[in-house]
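Coordinate analysis (summary)
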Amino acid sequence: MVKTKKFILAKHFVDEPKESDLQLVEDDLPALKDREILCEAVWLSVDPYMRPYSNRFPTGVTMIGTQVAKVVESRHPDYEVGIHVVGHFGWQTKTVVNADNPGTWLWLKKPYIIPDFSGLSLSLALGVLGMPGNTAYFGFLEICDPKPGEVVVVSGAAGAVGSHVGQIARIKGCKVIGFTGSDEKVKWLLNELKFDAAFNYKAIDIVKAIQQAAPDGVDCYFDNVGGALSSAVISQMKNRGRISVCGSISAYNADINKLPSAPTVLPLLLRKELKMEGFMVSRWHNRWDEGVEQNLQWIKETVSDTYKKKHNGRELFRHQSRGRKWLWACMIFYGPDTDSNHRAETWAYKVSGFLEIKKALR
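Procedures and definitions
Residues numbered from 1 in each chain as written. Predicted model: local features only at pLDDT ≥ 70, side-chain atom pairs only at ≥ 80, totals over all residues. Heavy atoms only, no water. Helix = DSSP H or I, 4+ residues; strand = E, 2+ residues; numbered from the N terminus. Contact = heavy atoms within 4.5 Å. Areas by Shrake-Rupley, 256 points an atom, 1.4 Å probe, with all protein chains shown as cover. Pairing = 2+ DSSP bridges. Polar contact = N/O pair within 3.5 Å; in protein donor to acceptor, adjacent residues only side chain to side chain. 1 Å grid on protein atoms, 1.4 Å probe; cavity = no way out; pocket = protein on both sides within 12 Å on 5 of 7 lines; lining within 4 Å. Points joined across faces, edges and corners; volume = space filled by probe spheres on them. Nonpolar A, V, L, I, M, F, W, Y, C, P; charged D, E, K, R; others polar. Phe/Tyr/Trp six-rings, centres within 6.5 Å; stacked < 30°, edge-to-face > 60°. Buried < 20%, exposed > 50% of the residue type's maximum accessible area, 1.4 Å probe, protein only. Lys NZ or Arg CZ within 6 Å of the ring centre and 35° of its normal. Axes fitted to C-alpha atoms, helices over the stretch in contact; angles between N-to-C directions. Parallel < 35°, antiparallel > 145°, perpendicular 65-115°, else oblique. Arc of directions from axis to C-beta.

Moving on: the overall build of the protein. The helix and strand inventory of the protein stands at nine helices and 17 strands. For the protein, the proportion of contacts with a sequence separation of at least 24, taken over those separated by at least 6, is 67%. If you sum the accessible surface of the protein, you get close to 16100 Å²; carbon and sulfur atoms cover 49% of it.

Next up, the structure:
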């Protein structure tokens, strides 16, 4: 009988997550039925969205998350043994799933067969060639509709989504201003990603910084953070500017049982005739290949070597969570770094607003 090791949600997160909120267990998997596949995890995602999303699920479930997995057994004609897929399988080493009806889904209705990445790491299917990349691609282009010469501001600009939005904005001929949470990340945005301007929002007056970098105002704002930072950016937008609301990291540890308080930006939306639209990337699930293919083309043709390195391997996920630290997150099971005994270690370094995990899965 096949066994899996997995983290279950022992308790819902309250305030800062604790290690005791998750529990590592071993479980038996059933034999395959028709239309089912057995997948073995290669890469697991750790993303900021998992913090608030986990509250939607009851305790005792496998901790949510996406993974790149190898099909090791199949009773489905479309999923051959040996291929790699992306699926919402959560934090576990092996998964049995009905490929036609996998149950709960976030943005992929069924396991997504990874196309040819032209020699690039499969880990990118959880980054720039996966959900974060498509979030940037669709959320920015479809909602902000940027034009050459326009000014684009990105909050959470050093994260997996924000950094890619900045790259797309540069490709589209826009002036790009990024806000992030440390001087180290400011240097990365300026020196490596070639943002036109970047600021540590903790160390400057946000309004004055925007007035200095974009004296005529902001056309497009891609918001990953919310809170006071976003209120300041919105105050500097031009008439009929466009705002794409991707995330609200500043509120991810807030009490979910309390009604959120709206900042006083409504007069600005009214007076400046701004368009502000939130989105979930699942809106474009039927166009998923479009985003992956375009992002892959940009990586091969346009994006800097440094950017590709930063979105590869163990540095795949560099998110900002509450603006305090990098999230270096790769959880590797049976990947290229494991030895012949398939020893696998889980890496997830401290990120404020998420959980620090360092356990050996054997």
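Judged from the four bridges that link them, strand β4 (residues 67–74) and strand β5 (residues 84–87) form a sheet pairing that is antiparallel. When the bridges of β5 are listed, Val-68 appears paired with Val-86. Sheet topology note: the β5/strand β7 (residues 112–113) ladder contains two bridges and is antiparallel. Following the sheet pairing, Val-85 is matched in β7 by Ile-113.

With that out of the way, let us pick up the side chain of Asp-47. Mapped onto the secondary structure, Asp-47 falls in the loop between β3 (36–44) and α1 (50–53). Of the polar contacts made by the side chain of Asp-47, one reaches the side chain of Ser-45; its length is 3.4 Å.

On to empty space enclosed by the protein. It is a probe the size of a water molecule, rolled over the atoms, that shows where empty space is left. For the structure on display, the rule yields one cavity of 30 Å³ or more. Taken as a whole, the largest cavity holds about 70 Å³ of empty space. Forming the walls of the largest cavity are 14 residues, and the residues nearest its centre are Thr-66, Val-86, Ala-125, Leu-126 and Met-131. When its residues are assigned to classes, the lining of the largest cavity shows 10 nonpolar, three polar and one charged.

Tallying each qualifying case throughout the model produces 10 aromatic pairs. Between the aromatic rings of Tyr-49 and Trp-107, the centroid separation amounts to 5.5 Å while the plane-to-plane angle is 80 degrees, which identifies the pairing as edge-to-face. Residue Tyr-49 is found in the loop between β3 and α1, and its partner Trp-107 is found in the loop between β6 (94–98) and β7; the two are separated by 58 residues along the sequence. Trp-107 matches Tyr-49 in its accessibility class, with the two residues each being buried. Taken together, Tyr-137, Phe-138, Phe-140, Phe-222, Phe-279, Trp-284 and Trp-298 form an aromatic cluster joined through their ring pairs. The ring centre of Tyr-53 lies 4.1 Å from the NZ or CZ of Arg-56, which sits over that ring.

Closest axis-to-axis distance for the helix α2 (residues 131–144)/helix α8 (residues 288–301) pair is 9 Å, and the angle between their directions is 100 degrees. When the interaxial angle is binned, α2 and α8 end up roughly perpendicular. Seen from α2, the contacting residues are Met-131, Gly-133, Asn-134, Tyr-137, Phe-138 and Leu-141; seen from α8, they are Trp-288, Glu-290, Gly-291, Val-292, Gln-294, Asn-295 and Trp-298. Considering only residue class, the contact of α2 with α8 consists of seven nonpolar, five polar and one charged.

A word on helix α4 (residues 183–192). What α4 keeps buried is the set Lys-185, Val-186, Trp-188 and Leu-189. Axial view of α4: buried residues confined to an arc of 160 degrees, hence all on one face. In α4, the exposed residues that point more than 90 degrees away from the buried face are Glu-184 and Lys-187.

Attention now goes to the layout of surface pockets. Empty space within the second largest pocket amounts to approximately 520 Å³. Around the second largest pocket sit 31 residues that line it, and His-88, Phe-89, Gly-90, Gln-92 and Pro-102 are the ones nearest its centre. With four residues, β6 is the single largest residue contributor to the lining of the second largest pocket. Within the lining of the second largest pocket, the residues separate by chemical class into 15 nonpolar, 10 polar and six charged.

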